[in-house]
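Examination of the molecular architecture
Each chain is listed here by its residues.
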Amino acid sequence: MAIEFNLYVLAACFLLLCLLAYQEVKRANKHWLIARLTATLLAVVTLALMAIPITANYESRQHNSTLILLTPGFNADSLDHLPQKRYFTDETLAPLLKGKANFIPDLAYHLAATPAIKKVSVYGYGLPDEELKKLENIPLEFHPAEKPSGIIACHWNDQLHEGETLTVQGQYHNSSPKPLNLKLMGFGQTLDSAQITAKATAKFSLQHPLRQKGRALLKLVALQGKDTLNQELIPIQTIAKTTLKITILGSSPGFEYNFLKRWLYENRYQVALRNRISKAQYSIEFLNRTSFELNRLSTQLFQKEDVLLIDQQEFENLSTPEKQAVKQAVGQGLGLILLAQQPNSTEPWIKSLNLAAGKKQEKINQLSLQQTKLATLPEQVPFLIGNIADQQALVLDGASIVAVQRLYGKGNIVATTLPQSYQWSLAGHQHDYALYWTTLLEAAARAKNPTYLLQAVGNAPGAGNRLNFTLATPTPTVPLINHHQQSLSSKQNMLFDNRWQFHDWSFQPGWQSLTINGQKHYFFVFGKENWPALSANQRLERHIAHAALHTPTNNSPETKILTQKIVSKWWFFIAFVFAAGFLWFENRLYSKN
């Protein structure tokens with residue numbers, strides 16, 4: 001269309017030029033004929049150029065320029081050594097800079113509007129994540145601030161069951177010349193504490209067993225004498241413990257059962273204990289539960305239980321129907337903990353454990369459970385368990401297996417050869433004793449109906465930022481998620497069809513709730529004033545990694561830029577006015593003569 005229009009304009013102008021030139025030649029007065037023909041040609045040509053756009057190529061040379069960005073933590077004394085043009089994107093820096101830098105409200109727009117920017121220099125702790133992503137294709141030169149003083153890393157298990165131990169671990173950077181105390185505080189008291197040395201970055205680990213139910217806000221406080229240096233929130237949720245129903249069958253009373261009975265009672269497990277006194281007589285106790293018939297064992301009795309704990313001798317003393325009832329119940333989901341006592345047995349279950357006599361030693365000094373070392377015990381392990389493909393090791397003595405877990409139908413079988421675990425309790429190692437038995441019980445327990453598990457990605461989601469969540473559901477059905485009466489969409493995990501990812505925004509700090517398929521789930525949103533040192537340190541680490549991948553070149557060569565621009569029509573209009581003016585003036589002058 002544009003080409004056709006240009007052709008029409010040229011044709012019309014050519015006809016007009018021929019007509020005007022003919023009139024000039026035929027005029028009787030030949031005075032200034034050449035000048036009039038030239039002016040006529042100029043007028044017609046400029047008229048055509050005003051209708052047809054004319055472009056011209058321009059070549060320019062420029063050096064690659066650098067955008068200097070100031071972020072929180074920059075050294076104010078270094079401003080005098082920086083070039084005159086400095087910028088910042090964080091509004092909170094305006095009072096500090098006092099007009100010494102220009103504010104950029106939208107970094108992405110500024111970069112798009114200024115294509116000459118070939119490198120970005122960042123001073124301070126760095127930009128937020130969403131702004132750092134905008135520099136993905138631009139070389140970054142990072143001038144980091146000094147490491148912030150305070151808690152620079154922290155992790156804790158924010159969802160626990162009643163009775164579990166809260167563990168808060170992290171790093172504290174103490175830049176002061178004096179040591180300080182870091183305290184975990186809550187429920188009106190100090191729960192645990194650690195000392196951080198002066199001028200050092202130290203790791204800390206604070207623990208406290210939780211008895212309270214529901215949501216709570218603990219505090220992590222750094223004290224130096226009477227001065228409070230830092231105070232951060234530790235939100236936790238304690239879920240009511242689902243107590244296991246445990247039946248214990250012992251071949252005879254003993255210290256092992258007495259200590260275990262007391263520990264189970266104190267931790268609110270529902271216990272039924274039967275110790276054999278003679279061939280047909282038993283000592284029976286019920287703790288935290290009502291009594292029932294325990295003289296005869298049956299599949300119906302075990303259907304209501306979660307774990308059956310029995311020693312090897314008592315299992316061999318059972319009648320054939322009772323052994324069959326135990327095996328059938330385990331196949332249907334009952335958990336079995338077997339206390340192995342000797343390697344020579346005619347029972348297929350016990351023979352399949354591949355028990356072997358262990359090397360004699362005065363102490364067990366290399367016991368470990370889930371990569372956690374346990375205290376030494378004064379008694380040896382009389383038997384070890386062979387390494388078989390279908391068995392998973394739970395407790396090790398060096399490289400030797402002390403306790404294993406294996407599947408049997410829908411149930412789990414846990415076998416252990418440790419004869420006197422109560423020695424931990426006698427020696428004051430209550431934590432090791434509790435960890436040992438908790439691990440065995442959880443490994444053996446009957447599988448419960450699956451529940452929803454909601455987790456926020458990262459320990460410190462902040463108000464005004466995007467909140468990312470992961471969700472595990474009992475079934476692969478798409479969950480209905482609502483927040484503030486608005487439905488949220490979720491994305492299914494590619495590998496696990498019952499896991500989902502979704503995100504949301506929250507601008508109010510404090511406890512928030514989501515509704516998932518009609519059930520309320522809580523999470524905590526931190527304010528912008530929370531965890532400043534941790535946030536600053538994370539920015540430092542991300543920018544250092546980003547700068548390593550986007551290193552700018554040392555030299556800044558000249559760049560040739562070839563651009564096309566449309567020539568302004570005003571130039572042609574001015575030429576047309578001069579040509580037409582000359583023709584008009586000459587015609588008036590001739591008519592007077």
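Residues numbered from 1 in each chain as written. Predicted model: local features only at pLDDT ≥ 70, side-chain atom pairs only at ≥ 80, totals over all residues. Heavy atoms only, no water.

**Details of the sheet that holds strand 30 (residues 486-488)**
Note the cut-off: Being paired, for any two strands, means DSSP has found at least two bridges between them. A run of DSSP states H or I qualifies as a helix once it reaches four residues; a run of E qualifies as a strand once it reaches two. Both are numbered from the N-terminal end. To get an axis, a line is fitted to the C-alpha atoms, and for a helix only the part in contact is used. The angle between two axes follows their N-to-C directions and goes from 0 to 180 degrees.
Read across the open sheet, the 4 strands follow the order 30-29-33-34; overall the sheet is antiparallel. Each of the sheet's edge strands pairs with one partner strand only, and the pair in question is strand 30 and strand 34 (519-525). Adjacent strand axes in the sheet meet at a mean angle of 35 degrees when their direction is disregarded. Strand direction decides the pairing type here: strand 33 (residues 510-516) and strand 34, joined by 7 bridges, are antiparallel. Considered in strand 34, the bridge of isoleucine 516 is made with glutamine 519.

**Overview of the packing of aromatic side chains**
Note the following rule: Between 30 and 60 degrees the pair is tilted, below 30 it is stacked and above 60 it is edge-to-face, where a pair is any two Phe, Tyr or Trp rings, Trp via its six-membered ring, whose centres lie within 6.5 Å. With a 1.4 Å probe rolled over the protein chains alone, any residue whose accessible area is under 20% of its type maximum counts as buried; one over 50% counts as exposed, and the rest are partly exposed.
Throughout the structure, instances matching the rule amount to 14 aromatic pairs. Both rings, one in tryptophan 156 and one in tryptophan 531, keep their centres 5.8 Å apart while their planes meet at 20 degrees; by these two values the pair is stacked. Here the residue tryptophan 156 occupies a position in strand 7 (residues 150-156), and tryptophan 531 occupies one in the loop between strand 34 and helix 13 (532-549), the gap between them amounting to 375 residues. For tryptophan 156, a relative accessible area of 8% puts it in the buried group. Tryptophan 531 sits in the buried class, given a relative accessible area of 3%. Taking 5.4 Å as the distance between ring centres and 20 degrees as the angle between the ring planes, the aromatic pair formed by phenylalanine 259 and tyrosine 422 counts as stacked. Here tyrosine 422 lies in helix 11 (residues 422-426) and phenylalanine 259 lies in helix 6 (residues 255-266), a separation of 163 residues in the sequence.

**Some remarks on the nonpolar core**
Looking at soluble globular proteins, one finds that nonpolar side chains tend to be buried together. Quick note on the threshold: For our purposes a nonpolar core is just a set of buried Ala, Val, Leu, Ile, Met, Phe, Trp, Tyr and Cys residues, chained together by side-chain atoms within 4.5 Å. The contact criterion used is simple: two residues touch if any of their non-hydrogen atoms lie within 4.5 Å.
Core analysis: the biggest nonpolar cluster contains 37 residues, and Ile248, Leu264, Ile337, Trp424, Trp437 and Leu441 have the highest contact counts within it. Residues contacting tryptophan 424, with those up to four places away along its chain left out, are Leu367, Leu374, Ala375, Thr376, Leu377, Leu418, His429, Gln430, Asp432, Tyr433 and Tyr436. The next biggest cluster of nonpolar side chains, apart from the first, holds 26 residues, and it includes Cys154, Leu160, Tyr172 and Leu206.

**Some details on the packing of helix 6 against helix 12 (residues 430-444)**
Here is the rule we go by: Small angles under 35 degrees read as roughly parallel and large ones over 145 as roughly antiparallel, with 65 to 115 read as roughly perpendicular and the rest as oblique.
For the pair helix 6 and helix 12, the least separation of the axes is 12 Å and the interaxial angle reads 85 degrees. The orientation of helix 6 relative to helix 12 falls into the category roughly perpendicular. Together, Glu256, Phe259, Leu260, Trp263 and Leu264 of helix 6 and Tyr433, Ala434, Trp437, Thr438 and Leu441 of helix 12 make up the contact between the two elements.

**Concerning the pairing of strand 18 (residues 307-311)**
Counted residue by residue, strand 18 has 5 buried out of 5 residues, so it is predominantly covered. Neither face of strand 18 is left uncovered, since the one carrying Val307, Leu309 and Asp311 and the one carrying Leu308 and Ile310 both have all their residues buried. Of the pairings in the sheet, the one linking strand 18 to strand 19 (residues 335-339) comprises 5 bridges and is parallel in character. The partner of isoleucine 310 across the bridge, within strand 19, is leucine 338.

**Regarding the side chain of glutamine 405**
Threshold: Pairing of N or O atoms within 3.5 Å defines a polar contact, subject to two protein rules: one partner must be a possible hydrogen donor and the other a possible acceptor, and residues neighboring in sequence count only if both atoms are side-chain atoms.
As for its placement among the helices and strands, glutamine 405 is situated in strand 25 (residues 400-408). Here alanine 443 takes part through its backbone oxygen, which lies 2.7 Å from a polar atom of the side chain of glutamine 405. Here glutamine 405 is in contact with Asp390, Gln391, Gln392, Leu394, Asn412, Ile413, Val414 and Ala443, once residues within four sequence places are set aside.

**Observations concerning unusual backbone geometry**
Backbone geometry at asparagine 288 places phi at a positive 60 degrees, although glycine is not the residue there. In this structure, asparagine 288 sits in the loop between strand 17 (282-287) and helix 7 (299-302).

**Comments concerning the pattern of salt bridges**
Which entries qualify depends on this criterion: Here a salt bridge means any side-chain nitrogen of Lys or Arg lying within 4 Å of a carboxyl oxygen belonging to Asp or Glu.
Under the criterion given, the structure shown has 6 salt bridges. We note a salt bridge from lysine 119 to glutamate 141, for which the minimum N-O separation is 4.0 Å. With lysine 119 in strand 5 (residues 117-124) and glutamate 141 in strand 6 (residues 140-144), the pair connects residues that are 22 residues apart, well separated along the chain. Between glutamate 314 and arginine 276 there is a salt bridge; the shortest N-O distance is 2.9 Å. Within this pair, whereas glutamate 314 is found in helix 8 (residues 312-317), its partner arginine 276 is found in strand 16 (residues 270-276), the two being separated by 38 residues in sequence. The residues glutamate 314 and arginine 276 share a single accessibility class, namely buried. Taken together, the shared-partner salt bridges connect Arg274, Arg276 and Glu314 into one network.

**Some points on helix 6**
Where we set the bar: To estimate the expected span of a helix, subtract one from its residue number and multiply by 1.5 Å.
When the terminal C-alpha atoms of helix 6 are compared, their 17 Å separation across 12 residues agrees well with the 16 Å that a helix rising 1.5 Å per residue should span. Within helix 6 the residues assigned to the buried category are Glu256, Tyr257, Phe259, Leu260, Lys261, Trp263 and Leu264. Arginine 268 lies just past helix 6 and shows a positive phi near 65 degrees.

**Describing the environment of valine 326**
If you trace the backbone, valine 326 turns up in helix 9 (residues 320-331). Sequence-wise, valine 326 and phenylalanine 315 are 11 residues apart; in three dimensions their C-alpha atoms are separated by 9.3 Å. For valine 326, the residues in contact, after removing those within four places along its chain, are Phe302, Leu308, Phe315, Leu318 and Trp349.

**Details of a nonpolar patch on the surface**
To keep it simple, the criterion reads: Like charges within 9 Å and nonpolar side chains (Val, Leu, Ile, Met, Phe, Trp, Tyr) within 5 Å are joined into patches, using only residues over 30% in relative accessible area that form no salt bridge. Under the convention used here, a 1.4 Å probe and the Shrake-Rupley method define accessible areas, while residue burial counts only the protein chains that appear.
On the surface, Trp570, Trp571, Phe573, Ile574, Val577 and Phe578 cluster together to form a nonpolar patch covering roughly 750 Å² of accessible area. Relative to the elements of secondary structure, valine 577 occurs in helix 14 (residues 569-592).

**Concerning the environment of glutamine 23**
Tracing the backbone through its elements, the reader meets glutamine 23 in helix 1 (residues 2-26). Distance in space between the C-alpha atoms of glutamine 23 and leucine 37 is 10.0 Å, their sequence separation being 14 residues.

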